[in-house]
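Observations on the three-dimensional arrangement
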Amino acid sequence: MIIMQDDKRIRISNLNELIKSCKKCPLHLNRTNAVVGNGNIDTKIMLIGEAPGRNEDLQGIPFVGSAGKLLDSLLNENNIKRDDVYITNVVKCRPPNNRTPNKEEIDSCLPYLIEEIDIIKPEIILTLGRTAGEAVSLIFDYKWEGLEKERKKPREVMFNGIKIKVFSTYHPAAALYKPELKELLREDIKEANQILKNKHKSLLDFMK
Ligand code: SF4
């Protein structure tokens, strides 16, 4: 068990070094920092967003701006701290003016996300926003049916011998100024957490 945990740490550290020096797509040209995943690599819940924004690019940490603060508060409502989960993005470098990353950029960066999933081995993935939901559907090879439909039907997928439940929900940046989306995001986080709680008696049980 200790060897496996060490192996995870070595793998994530190697991966992060690769990402920080990556020049596979044009997004490296304007970045201040490549933003690697952050949080607990022994968790069973992984959150995936679209791309770093301005604050994330400056600090090199995902979800540290106002959208991140909203996400933190919704996680806290379920007694989940940032350190309890692992958070990452589909692309690791900030697109200019926060535009949506294009196909070339996503295709270039996706192997890093696949490696993160393989290292973390989450039981639950919560995708935040359409870009993340679509990218994850490519990894697990199912047909993306749009965010509204997908959020109502969590997918169960097998990945390298692990069963993962994939929830699709809204990006906290979209929910910042739309109370109705914030409510749906709140519901989805609560549902994902409830499923974990039903499977494991307490948060501590799935943190190992
Ligand atoms: S976005 Fe991804 S693929 Fe593109 S340069 Fe950054 S780390 Fe590399």
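Residues numbered from 1 in each chain as written. Predicted model: local features only at pLDDT ≥ 70, side-chain atom pairs only at ≥ 80, totals over all residues. Heavy atoms only, no water.

**Topic: the packing of helix α3 (residues 66-76) against helix α8 (residues 179-199)**
- Where α3 meets α8, the axes come as close as 10 Å, and the angle between the chain directions of the two elements is 45°. On the basis of their axis angle, the class for α3 and α8 is oblique. Between α3 and α8 the crossing geometry is right-handed. Here α3 contributes Leu70, Leu71, Leu74 and Leu75 to the contact with α8, which in turn contributes Lys182, Leu185, Arg186 and Ile189.
- Residue composition of the contact of α3 with α8, grouped by class: six nonpolar, no polar and two charged. (Axes fitted to C-alpha atoms, helices over the stretch in contact; angles between N-to-C directions. Helix = DSSP H or I, 4+ residues; strand = E, 2+ residues; numbered from the N terminus. Parallel < 35°, antiparallel > 145°, perpendicular 65-115°, else oblique. Left-handed = near helix turned anticlockwise from the far one by under 90°. Contact = heavy atoms within 4.5 Å. Nonpolar A, V, L, I, M, F, W, Y, C, P; charged D, E, K, R; others polar.)

**Observations concerning the layout of surface pockets**
- Of the volumes computed, that of the largest pocket is approximately 450 Å³.
- Considering the residues around the largest pocket, the lining is formed by 21 residues, among which Ala51, Gly53, Asn98, His171 and Ala173 are closest to the centre.
- If you list the elements that add at least two residues to the lining of the largest pocket, you get α2 (54-59), α3 and α7 (172-175).
- Among the elements that line the lining of the largest pocket, the one with the most residues is α2, at three residues.
- Of the residues that constitute the lining of the largest pocket, the class distribution is nine nonpolar, eight polar and four charged. (1 Å grid on protein atoms, 1.4 Å probe; cavity = no way out; pocket = protein on both sides within 12 Å on 5 of 7 lines; lining within 4 Å. Points joined across faces, edges and corners; volume = space filled by probe spheres on them.)

**Some thoughts on the pattern of salt bridges**
- In this structure the tally under the stated criterion is 19 salt bridges.
- One connected set of salt bridges, linked through shared partners, spans Arg11, Glu115, Asp118 and Lys121. (Salt bridge = Lys/Arg side-chain N within 4 Å of Asp/Glu carboxyl O.)

**Looking at the site of the ligand**
- The full set of residues close to the ligand is Cys22, Lys24, Cys25, Leu27, His28, Arg31, Lys92, Cys93, Ser108, Cys109 and Tyr112.
- Judged by the fraction of its atoms near the pocket grid, the ligand is located in the largest cavity.
- Per-class residue counts for the shell around the ligand are six nonpolar, two polar and three charged. (Near = heavy atom within 4 Å. Sits in = over half its atoms within 2 Å of the grid points.)

**What about empty space enclosed by the protein?**
- By the definition in use, this model includes one cavity of 30 Å³ or more.
- As a volume, the largest cavity reaches approximately 80 Å³.
- Around the largest cavity, the lining residues are Cys22, Lys24, Cys25, Leu27, His28, Arg31, Val91, Lys92, Cys93, Ser108, Cys109 and Tyr112.

**Considerations on α8**
- Between the first and last C-alpha of α8 there are 30 Å, a value that for 21 residues agrees with the 30 Å anticipated at 1.5 Å per step.
- For α8, the complete set of buried residues consists of Leu181, Leu185, Asp188, Ile189, Ala192, Asn193 and Leu196. Buried residues of α8 fall within an arc of 125° about the axis and therefore sit on the same side. In this structure, α8 carries Pro179, Lys190 and Asn198 as exposed residues pointing more than 90 degrees from its buried face. (Expected span 1.5 Å × (residues − 1). Buried < 20%, exposed > 50% of the residue type's maximum accessible area, 1.4 Å probe, protein only. Arc of directions from axis to C-beta.)

**Things to note about the nonpolar core**
- Counting 36 residues, the largest nonpolar core has Val90, Ile117, Phe140 and Ile164 as its most contacted members.
- When contributions to this core are tallied by element, the ones reaching two or more residues are α1 (2-20), β2 (45-49), α4 (103-120), α5 (130-140), β5 (155-159) and β6 (162-169).
- Counting 23 residues, the second-largest nonpolar core is a separate cluster that includes Leu47, Leu71, Trp144 and Ile189. (Core = buried A, V, L, I, M, F, W, Y, C linked by side-chain atoms within 4.5 Å.)

Structural measurements only, silent on function.
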